[in-house]
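Below are the chains, spelled out letter by letter.
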Amino acid sequence: MEHRFHEEEQPAGPPLMQPVDPEAVDARRRETYLSYEGFLRGLLEELDRRRPEEWQRDYSSLEAYERSVRPMRDRLKRMLGFWVEPEARPAPRTWDHEVLLESDDFTATRFSLEILPGLQTYAVELTPTSPGPHPGLIAQHGYGGTPEAVCGFTSHANKPDYSYRSLGIRAARHGFHVIAVAHPTGYGRPEESITWPLPGHEDLPPQYGKNRLHRMAIMAGGTLFGLDMMASSRGVDLLTTRPDVDPERIGMYGLSQGGQSALYLPALDERIQASVSSAYFNHRFPKLIGPHRARTFLDSAEEDKFFSEVIRCFSDCDLVSLIAPRAFAVEAGLHDSSVDFEKSADEFVRAREHYERLGIADRIEFIAHTGGHVSSTRRAFEFLLEHLGSAG
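Because the structure is predicted, anything quoted here is derived from the model rather than measured.

A. Structural view of the nonpolar core. Residues L76, L80, Y264, F314 and F328 are the most contacted members of the largest nonpolar core, which totals 62 residues. For this core, the leading source of residues is helix α6 (residues 224-241), giving eight residues. In this structure, L126, Y164, F176 and A274 belong to the second largest nonpolar core, which totals 30 residues.

Structure, rendered in structure tokens:
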């Protein structure tokens with residue numbers, strides 16, 4: 001193709017007129033920016049205020065209740081994207097297996113796992129040596145973490161704060177058959193968590209790797225978290241195939257962003273019968289956009305926390321209403337620097353109301369501890385075992 005190149009009307013050079021005062025320009029920019037922010041915040045506040053109107057819950061019976069919330073579960077699946085119902089999936093495919101550890105309590109293996117055709121992740125599995133049938137457990141890592149970290153196979157497995165405290169190993173010793181599935185953040189260094197830029201993008205922040213995938217997922221019609229939920233749900237698929245696992249007794253336990261997964265996945269996947277969300281549960285509006293004691297996600301570099309209908313429809317207490325009547329617990333640290341303990345407790349009261357109105361308040365619990373951003377209580381495993389049953 002041949003091009004006709006046109007002459008410039010205005011060549012480079014000095015301005016045609018005296019420049020205006022740049023401070024006056026910035027004052028106008030500030031006024032405009034703050035108007036946009038105020039306008040959007042007002043819209044979001046109104047959406048949050050009217051959120052209960054989106055729900056038509058029927059508490060007259062457990063069967064009526066489950067029917068009444070089903071449309072909102074479907075809406076959640078559409079919001080996150082990429083969901084395939086368990087019955088419509090092929091059998092889970094794994095490869096590249098390697099044994100990490102053989103102990104008196106369990107055997108740990110690592111392998112690649114197909115999520116969807118053309119999409120893979122990897123997982124770590126802890127198989128108890130004691131006779132089954134065992135309850136199954138999805139152990140979910142948080143932002144920048146790994147299956148090895150949530151299970152306890154790292155040098156900082158039991159550090160004082162921002163720690164899983166060997167969640168997977170402890171679960172296996174409590175008699176759970178554990179699968180921990182990887183959610184990607186980045187790669188490039190042999191370190192425990194992602195605190196560096198994606199290779200080839202050293203001028204960008206550590207969050208860029210996850211943000212990059214989230215942007216691509218949005219353009220593909222979903223969200224990165226939607227793919228992550230499919231990945232962890234494939235872990236549930238695997239648990240249901242294990243001969244030593246009772247497929248009717250599958251639970252989940254996650255910390256931080258893993259706590260987000262432990263809230264969302266049971267709302268999506270009804271095969272999960274009990275879940276513990278640690279160091280995440282909150283009133284979602286202030287945690288996303290403020291005001292909040294800890295830094296809000298609006299003021300962070302993490303883009304993957306924002307979904308189209310999360311303010312309109314899905315605060316954390318609403319997601320719990322999609323888990324009911326199955327068992328759910330919040331694990332919250334009084335000195336957690338990322339989660340406002342009081343707001344978490346307040347949101348829990350709103351979540352518990354669904355169970356109280358259904359007459360099953362014994363299936364929901366707030367597990368408080370005096371620590372920080374950690375999953376460390378014995379009570380969390382006691383709760384899971386009370387609702388799933390022990391091995392044998």
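Once you've had a look at it, read on.
B. Representation of the side chain of Q140 in the model. For Q140, the position within the fold is in strand β4 (residues 134-140). A relative accessible area of 0% means that Q140 is categorised as buried. Setting aside residues up to four positions removed in sequence, Q140 forms contacts with V150, Y164, V181, H183, S232, M252, Y253, G254, L255, G258 and S261.

C. Main features of a nonpolar patch on the surface. Residues F39, L40 and L43 make up a contiguous nonpolar surface patch of roughly 310 Å² in combined accessible area. You can see L43 is positioned in helix α1 (residues 22-49). Take L43: its relative accessible area is 43%, and that puts it in the partly exposed class.

D. Inspection of the environment of G81 at higher detail. Its location among the elements puts G81 in the loop between α2 (62-80) and β1 (94-102). In this structure G81 comes out as buried when scored by relative accessible area, which is 9%. Residues G81 and G222, spaced 141 residues apart in sequence, show a C-alpha to C-alpha distance of 4.1 Å. Dropping the residues within four chain positions of it, G81 is found in contact with G222 and G226.

E. Looking closely at the packing of aromatic side chains. Scanning the model with the defined rule gives 11 aromatic pairs in all. Ring geometry for F176 versus F381: centroids 6.0 Å apart, planes at 45°, classification tilted. Of this pair, F176 sits in the loop between α4 (167-173) and β5 (177-181) while F381 sits in helix α12 (residues 378-388), placing them 205 residues apart in sequence. Using a relative accessible area of 0% as the deciding quantity, one classes F176 as buried. Under the relative-accessibility criterion, F381 is labelled buried at 0%. An aromatic cluster of three or more residues is present, and its members are F176, Y253 and F381. Here the basic side chain of K210 rests over the ring of Y143, its NZ or CZ set 5.6 Å away from the ring centre.

F. Geometry of the environment of R30. For R30, the location among the structural elements is in helix α1. In this structure R30 comes out as exposed when scored by relative accessible area, which is 58%. Each C-alpha atom, one on R30 and one on E125, is 53 Å from the other, the two residues being 95 residues apart in sequence.

G. Molecular detail of the environment of A262. Checked against the element boundaries, A262 lands in helix α7 (residues 257-268). The class of A262 is buried, set by a relative accessible area of 0%. Sequence spacing of A262 and T121 is 141 residues, and the spatial spacing of their C-alpha atoms is 18 Å. With residues near it in sequence (within four places) discarded, A262 still touches M252, Y253, G254, S275, V276, S277 and F328.

H. Highlighting unusual backbone geometry. For the bond running from G132 to P133, omega is 0°, close enough to zero to count as cis. Tracing the backbone shows P133 in the loop between β3 (119-128) and β4. That bond from A324 to P325 is cis: its omega, 15°, falls within 30 degrees of zero. Residue placement: P325 occurs in the loop between α10 (316-323) and β8 (327-333).

I. Representation of the sheet that holds strand β2 (residues 106-116) within the structure. In spatial order, the strands read β1-β2-β3-β5-β4-β6-β7-β8-β9; together these nine strands make up an open sheet with mixed pairing. Two strands bound the open sheet, and with one partner strand each, they are β1 and β9 (364-369). Averaged over all pairs of adjacent strands, the angle between strand axes in this sheet comes to 20°, irrespective of strand direction. Sheet analysis places β2 next to β3, joined by 10 bridges and oriented antiparallel. From the neighbouring strand, E114 faces β3, where its bridge partner is Q120. Strand contacts of α7: β4, β6 (245-255), β7 (272-278) and β8, with the helix running at about 140° to β6, the strand carrying the most contacts.

J. View of helix α11 (residues 341-357). The first and last C-alpha atoms of α11 sit 25 Å apart over 17 residues, in line with the 24 Å expected at 1.5 Å per residue. Within α11, the full set of buried residues consists of F341, S344, A345, E347, F348, A351, H354 and Y355. The inward-facing, buried residues of α11 abut α2, α10, β8 and β9. One side-chain oxygen of the residue at the start of α11 lies 3.0 Å from the amide nitrogen of E342, identifying that residue as D340.

Reading guide: rules and limits
- Residues numbered from 1 in each chain as written.
- Predicted model: local features only at pLDDT ≥ 70, side-chain atom pairs only at ≥ 80, totals over all residues.
- Heavy atoms only, no water.
- Core = buried A, V, L, I, M, F, W, Y, C linked by side-chain atoms within 4.5 Å.
- Buried < 20%, exposed > 50% of the residue type's maximum accessible area, 1.4 Å probe, protein only.
- Helix = DSSP H or I, 4+ residues; strand = E, 2+ residues; numbered from the N terminus.
- Contact = heavy atoms within 4.5 Å.
- Patch = residues over 30% accessible without salt bridge, like charges linked within 9 Å, V, L, I, M, F, W, Y side chains within 5 Å.
- Areas by Shrake-Rupley, 256 points an atom, 1.4 Å probe, with all protein chains shown as cover.
- Salt bridge = Lys/Arg side-chain N within 4 Å of Asp/Glu carboxyl O.
- Phe/Tyr/Trp six-rings, centres within 6.5 Å; stacked < 30°, edge-to-face > 60°.
- Lys NZ or Arg CZ within 6 Å of the ring centre and 35° of its normal.
- Pairing = 2+ DSSP bridges.
- Axes fitted to C-alpha atoms, helices over the stretch in contact; angles between N-to-C directions.
- Expected span 1.5 Å × (residues − 1).
- Polar contact = N/O pair within 3.5 Å; in protein donor to acceptor, adjacent residues only side chain to side chain.

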